[in-house]
Amino acid sequence: MISVEAALAQLFTLIAPLESEAVPLGEAAGRVLAKSVTAKRDQPPFPASAMDGYAIQSADFKVGTRLSVLGEAAAGARFDGSVGAGQAVRIFTGAPVPQGADWIAIQEDVDAAGTQITIRAVTETSAYVRPAGTDFKAGQTLQAPLILTPQRIALLASMNISEVPVTRRPDVALISTGSELVMPGETPGPDQIIASNTFGLKAMLEQLGATVRLLPIAHDTLPALRTAFDLARGADLIVTIGGASVGDHDLVGDVAQELGMQRAFYKVAMRPGKPLMAGRIGNAAMIGLPGNPVSAMVCGTVFVAPMVRAMMGLGQHPAPHQNAVLAQDIPANGPRAHYMRAVLKGGQITPFKRQDSALLSVLAEANALLLRTPHDCARKAGEQVSYVPL
Ligand code: AMP
Ligand code: MG
């Protein structure tokens, strides 16, 4: 048996970051920035008013000072002259601050009468002038790789980047195998069940940014599996579900081998999970997951998602771990890493009593996988433990 870490290291050798492509900014959300981009301008490009009021010289900011108003500066329409002692320009938020002015008296603190104003209060301590380049300066870069969150999309827009270099979406082909499986919505025969983890994995990998193709279910026959692999052509990653053990009907390995896969078969020391199959077929990486619904989903979280992230250029990292306080005592762990379905609430984590790898109802209630390392000793309530968020 090999450890989860060793298995993941082997899987990373099967893949490489994909190439980049340029997409319009409006379609870049959630994608991975593939190359660093540089601001083309200062923001703001001029000293800008942060308030509605009057642009003046700070020396004139005294109670009772009377100033004559020369004109107006609005957002998008500057005042061309300059402001001297005893003078003011009516100004609005976002407008360029006129030359000579270094202070905005907010309109609430000013009495206006015709073209004259009088400073009524000087409680404000801020000049309300945003110097040019306060937010960022031309030449400032956003470093790749980076997931383009809504916040970063806004920053890119402000930097005047209209086309963004992002990593191409991995094309993932999902093959469910099993003569007992039908698609949701179909009428199952008496001995049949509905393919479930297939849809869970699709959702998981799409959330990461992959394009996922659901191929027709392959029955446990060689021709059906050959057809499925044929349909997977062009994929960057082929994920099979089920049929990867050593039973008489587990034919995925045989067909993958026919197609030239250097078959790597790992007995991974983890629960839930079974032997995992992996290799390369043509230009694609291939990973064969166990069919048990929870095993497939946990292996998706622990192995497939890190592979997809690495393909998207985010580096070779295991599923992110965090720490929480254990809410109850738990017994010592056996020789395999255990990913216990658990609920995290208010910083406290509680594993479910039922940990059978067929129970999707339990997985659906879980929001964390409590991580037990091999041979972890018994743990007491109140101890720090690590978990993988779901
Ligand atoms: P296998 O890995 O093919 O031996 O399957 C292990 C168990 O998982 C069996 O009970 C299968 O019926 C079930 N199973 C396999 N594939 C799926 C799937 N895509 N969705 C739900 N259950 C599955
Ligand atoms: Mg099967």
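In this report, we go over the structure that sits alongside the text. Everything numeric here is computed off the predicted structure, so don't read it as measured data.

A few words now on the pairing of strand β10 (residues 116-119). Burial of β10 is one-sided: the residues I117 and I119 facing one way are buried, the residues Q116 and T118 facing the other way are not. As paired elements, strand β6 (residues 66-73) and β10 share 3 bridges and run antiparallel to each other. Among the inter-strand pairings, R66 is bridged to a residue of β10, identified as T118. Where strand β9 (residues 110-113) meets β10, 4 bridges bridge the pair, whose relative direction is antiparallel. Bridge pairing in β10 links A113 to Q116.

To continue, consider the site of ligand 1. Around ligand 1 there are 15 residues in total, and E180, S196, N197, G243 and G291 lie nearest to it. Within the contact set of ligand 1, an oxygen atom lies 2.4 Å away from a side-chain nitrogen or oxygen of E180. Here ligand 1 loses 80% of its free accessible area of 480 Å² to cover by the protein chains. For the shell around ligand 1, the secondary-structure elements that each account for two or more residues are β17 (193-194) and α3 (197-208). Within the shell around ligand 1, the residues separate by chemical class into 6 nonpolar, 8 polar and 1 charged.

Once that is clear, we can look at α3. The end-to-end C-alpha separation of α3 is 17 Å, in line with the 16 Å expected for 12 residues at 1.5 Å each. Among the residues of α3, N197, T198, G200, L201, M204, L205 and L208 are the ones counted as buried. End-on, the buried residues of α3 take up no more than an arc of 160°, which puts them together on one face. Turning to α3, the residues buried within the fold contact β15 (171-176), β18 (211-214), β19 (237-241), β23 (284-289) and α6 (293-311).

Cut-offs used in this document
- Residues numbered from 1 in each chain as written.
- Chains lettered and ligands numbered in written order.
- Predicted model: local features only at pLDDT ≥ 70, side-chain atom pairs only at ≥ 80, totals over all residues.
- Heavy atoms only, no water.
- Buried < 20%, exposed > 50% of the residue type's maximum accessible area, 1.4 Å probe, protein only.
- Helix = DSSP H or I, 4+ residues; strand = E, 2+ residues; numbered from the N terminus.
- Pairing = 2+ DSSP bridges.
- Near = heavy atom within 4 Å.
- Polar contact = N/O pair within 3.5 Å; in protein donor to acceptor, adjacent residues only side chain to side chain.
- Areas by Shrake-Rupley, 256 points an atom, 1.4 Å probe, with all protein chains shown as cover.
- Nonpolar A, V, L, I, M, F, W, Y, C, P; charged D, E, K, R; others polar.
- Expected span 1.5 Å × (residues − 1).
- Arc of directions from axis to C-beta.
- Contact = heavy atoms within 4.5 Å.

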